[in-house]
Every structure is written in structure tokens, then in C-alpha cells.
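Residue-level structure breakdown
What follows is the residue order along each chain.
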Amino acid sequence: MFKYVLRRVLVAVPMLLGAMSIVFFAMRILPGDPCVAMMGDQATTEALADCTKNLGLNRPLAVQYIDYLWRSVQFDFGNSLRQGYPVNEYIGRMFPHTFVLVMASAIVAALIGVPIGIVSALKRRNPLVDYPLRIFALLGLSMPVFWLGILLLIFFSLRLNLFPLIGGGDLDGVLAMIRSGEFISHPADFLAAVGDVLHHLALPALALGFTLAATVSRLSRSAMLEVISQDYIRTARAKGQIERVVVYKHALRNMMMPLLTIVGIFVAIALTGTVLTETVFTRPGLGKMLVDSINARDYPLAQGAITVFTMIIICVNLVIDMLYAIVDPRVAYR
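Just so you know, these numbers come straight off a predicted model, no measurement behind them. (Residues numbered from 1 in each chain as written. Predicted model: local features only at pLDDT ≥ 70, side-chain atom pairs only at ≥ 80, totals over all residues. Heavy atoms only, no water.)

Remarks on the overall build of the protein
What counts here: Helix numbers and strand numbers start at the N terminus; a helix is a DSSP run of H or I with at least 4 residues, a strand a run of E with at least 2. Only protein chains enter the accessibility calculation, which uses a 1.4 Å probe; a residue is then buried when its area is under 20% of its type maximum, exposed when over 50%, and partly exposed in between. Shrake-Rupley sampling with a 1.4 Å probe provides the accessible areas, and residues are treated as covered by the protein chains on show and by no other component. Positive charges come from Lys and Arg alone, negative charges from Asp and Glu alone, with His and the N- and C-terminal ends not counted. Note that the charge is assigned to NZ on lysines, CZ on arginines, CG on aspartates and CD on glutamates.
What the protein contains, in helices and strands, is 15 helices and 0 strands. With respect to the principal axes defined by its C-alpha atoms, the protein has extents near 85 × 55 × 45 Å. Looking at the protein as a whole, 40% of its 334 residues qualify as buried. Accessible area for the protein stands at about 18400 Å²; split by element, carbon and sulfur atoms hold 67% of it. Once the 28 positive and 21 negative side-chain charges of the protein are each reduced to a mean point, those two points are 16 Å apart.

Topic: the packing of helix α5 (residues 87-122) against helix α6 (residues 127-142)
A pair of packed helices is captured by two measures, namely the crossing angle of their axes and the spacing between those axes. Put simply, the rule reads: For every element, the axis is a line fit to its C-alpha atoms; helices are fit only across the contacting stretch, and the angle between N-to-C directions ranges from 0 to 180 degrees. Each helix crossing is assigned a hand: it is left-handed if the near helix lies turned anticlockwise from the far helix by less than a right angle, otherwise right-handed if that turn is clockwise. The contact criterion used throughout is that any non-hydrogen atoms of two residues lie within 4.5 Å. Here the term charged refers only to Asp, Glu, Lys and Arg, the term nonpolar to Ala, Val, Leu, Ile, Met, Phe, Trp, Tyr, Cys and Pro, and the term polar to all other amino acids, Gly among them.
Interaxial distance between α5 and α6 falls to 9 Å at its minimum, and their mutual angle equals 145°. Of the two possible hands of crossing, α5 and α6 adopt the one that is left-handed. Contacts between α5 and α6 pair Ile-112, Ile-116, Val-119 and Ser-120 from the former with Val-129, Asp-130, Leu-133, Arg-134 and Phe-136 from the latter. Split into classes, the residues belonging to the contact of α5 with α6 amount to 6 nonpolar, 1 polar and 2 charged.

Section: the packing of aromatic side chains
Which entries qualify depends on this criterion: Between the rings of Phe, Tyr and Trp (Trp by its six-membered ring), a pair exists once the centres lie within 6.5 Å; its type follows the angle of the planes, with under 30 degrees stacked, over 60 edge-to-face, and the other angles tilted.
What the rule picks out here adds up to 9 aromatic pairs. Ring geometry for Phe-24 against Tyr-65: centres 5.2 Å apart, planes inclined by 55°, an arrangement best described as tilted. Highlighted residues: Phe-24 in helix α1 (residues 2-29) and Tyr-65 in helix α4 (residues 61-73), separated in sequence by 41 residues. The pair Phe-24 / Tyr-65 is uniform in exposure class, with both members buried. Seen from their ring centres, Phe-156 and Phe-163 are 6.2 Å apart, and the 80° between their planes marks the pair as edge-to-face. Judged by relative accessible area, Phe-156 falls into the partly exposed class, the value being 25%.

Some remarks on the confidence of the model for the protein
The following threshold applies: Values of pLDDT, which run from 0 to 100, indicate the predictor's confidence residue by residue.
Confidence in the prediction of the protein, expressed as mean pLDDT, is 82, and 97% of residues score 70 or more. At the level of individual helices and strands, the protein shows its lowest average pLDDT in helix α13 (residues 256-280), which scores 76, and its highest in helix α7 (residues 145-159), which scores 90.

So, a nonpolar patch on the surface
We count it as follows: Patch members must show over 30% relative accessible area and no salt bridge, and they are joined within 9 Å when carrying like charges or within 5 Å when they are nonpolar side chains of Val, Leu, Ile, Met, Phe, Trp or Tyr. Any carboxyl oxygen of Asp or Glu that lies within 4 Å of a side-chain nitrogen of Lys or Arg is treated as forming a salt bridge with it.
On the surface, a cluster of nonpolar side chains totalling about 810 Å² of accessible area is made up of Phe-146, Trp-147, Ile-150, Leu-151, Ile-154, Leu-158, Leu-165, Ile-166 and Leu-276. Considering each element in turn, the nonpolar patch owes the most residues, 6 residues, to α7. Locating Ile-154 in the fold gives a position in helix α7. Ile-154 gets classed as partly exposed once you look at its relative accessible area, which sits at 38%.

Considering the side chain of Asp-130
The criterion, for reference: Within 3.5 Å is the distance limit for a polar contact, defined as a pair of N or O atoms, with the added protein rule that one can donate a hydrogen and the other accept it, and that residues adjacent in sequence qualify only through two side-chain atoms.
With respect to the helices and strands, Asp-130 occurs in helix α6. A polar contact of 2.5 Å, which involves the side chain of Asp-130, links it to the side chain of Ser-120. Reaching out from Asp-130, the side chain makes a polar contact with the side chain of Arg-221 at a distance of 3.2 Å. Once residues lying within four places of it in the same chain are set aside, the contact partners of Asp-130 are Ser-120, Lys-123, Arg-124 and Arg-221.

This is the structure:
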């Protein structure tokens, strides 16, 4: 297993290097200058030249590229061009917000998508059940997350005033209380802070989770259809086992492999979805940080965010590959 993990890590290195190279050169090719973005169109030529020199952008592109790669190997993404703070610290503050949003949307997507996919597959010969569920899944695929998010904000925040319009709650305060142990000494304050975070999280998680649930339901339906067409399912039914036992004991267990694959796809889709979700709901997080950094031509911040996104996707898929053998012992590491 160690050799397998080592081989996968070595394969991931050129993937990560390719992603970092693409984002580095793409940021330089895009129109716009960081100094103009910071100082405005009225800045003098001398001021812009001084700014370019101070930021190190006057160096040859190859030198900047090698410096960027060398720093990244040491997990040092430099300082923000606009604000001057270390990119690592900013990513560390934003990551928990994105992580919480992805996890919450995953729960929403799983609770909606997996049961719909399974029921749709098992009731495929009943159009009164199958067709509405497939239309429901198609509805989720047809609604972009930013459009659904705006609708939810208009209805639940502006009209009903049930949820906050912007922000992500005091997640930093919750994490600080956990680190300091105050969640034990002040449980009421801790629960109030957690409740505030969940209050701010509800609509973004629903918007992102519902759009992802459509994908999950279609993949779950395909996985279940494949499983129930296997010979051992027909054998179980021929032995006279009731349908509930066939589904829960035989079909669901063997559906775990396709579901693990779905998780890997889900994380990649969810991370890209956070860019739009955090922007629409004005939530702090890596997605909004990436959009703001691209608009401001803040090269280190954008490069750091995309590198972290790529590393997360690679790590999740590596973990899923290792889980395959745990779920199904017939899978061998080669």
C-alpha cells in the first residue's frame, strides 16, 4: 500500500506543477496591471514604474516563475500585492469557511440526491414515481447555483427576513473557543456562536447542495441500475428473499464503490461551486478570495488559492482510491 500511495503522490506532482504553471502564465496573459488596479488610472508613469519595481514585477518572467515554484515547494506563496499580508495566513483564515460550506452542501446533496437516485432506479417501471424524480433531478441540473442563490436571497432574506443577506457568521470565534477550551467553560456562548454560523450557512448550503444533488441523484441512479442487474441480485430474488433485504443487504453494499467515485467528483464540483456561491452570498472563503484576487490582479493570492484547490482535489481522490480497497477487499493495490 505504501508503494501505491507513493506512486500516486509522484503522479500527482506533475499534475500540480501543470496547474500551477497554467495559473501563473494565465494571470500574466490576462489584460490588466496590478499597479493600475491598486493606484487607479490617474497614476503617473513614474509612480507605476516604482510600484512595478517594488512588487518585483519588473524581473524577467522566467525568474518570477522559478521564484514562484521555489516558494511554493516550501509552502510559501508570498505576500498579497494589494494588502501586503502573507498569503498563507489569509488562506488559513479563509479555508475553514469554504470547508464548512462544502461539507454542509455535501450533506444536503447526499440527503436529497442519493435517496432520489435509488428510488428512481428501483421504481423505474413505475412512471408515476420515476418520471417526477427524474424531472426533479433535471430541474437541479438546469438551475445555476448563482441563479438559485439569488432567488433564495430575494425570497427568504429580503421578503421573509428569515436569514441574513450577507456574511458567514463568526466562524473564527467558534474556532477560537474550540482552541482555547472556552466551549467547555462557556457552552451557552459557544452554542450561540455555532447557531449564528449555521444561520448564515443555511441558504448557501441549500443553493449549492441542491444543484449538486441533481448530479448525485443521476449518478446514484446509474450505479443502482448497474448493481440490480447483476447475477447475484437475481440469485437473491430467486432464493425468495424479500425485496427490502435484496436492496439493503446486497444492492446498497455493492453500490458503495460507485458512490465513492461520486464523492471524488462531488468535491471537485463543489469547490468550483463555492466560487459562485461565496460571491453571490458575500461569504468569506477561498472562492470569493480567488474572484477578488483575480479582479485586483493580485497574482500571489490567486496562485495560492488555485494551488490549494488543486491540492485538495488531488488529496481527496487519493484518499478515495485507498478507500476502494477497504470497501471492497477484492481491489488490490498495484
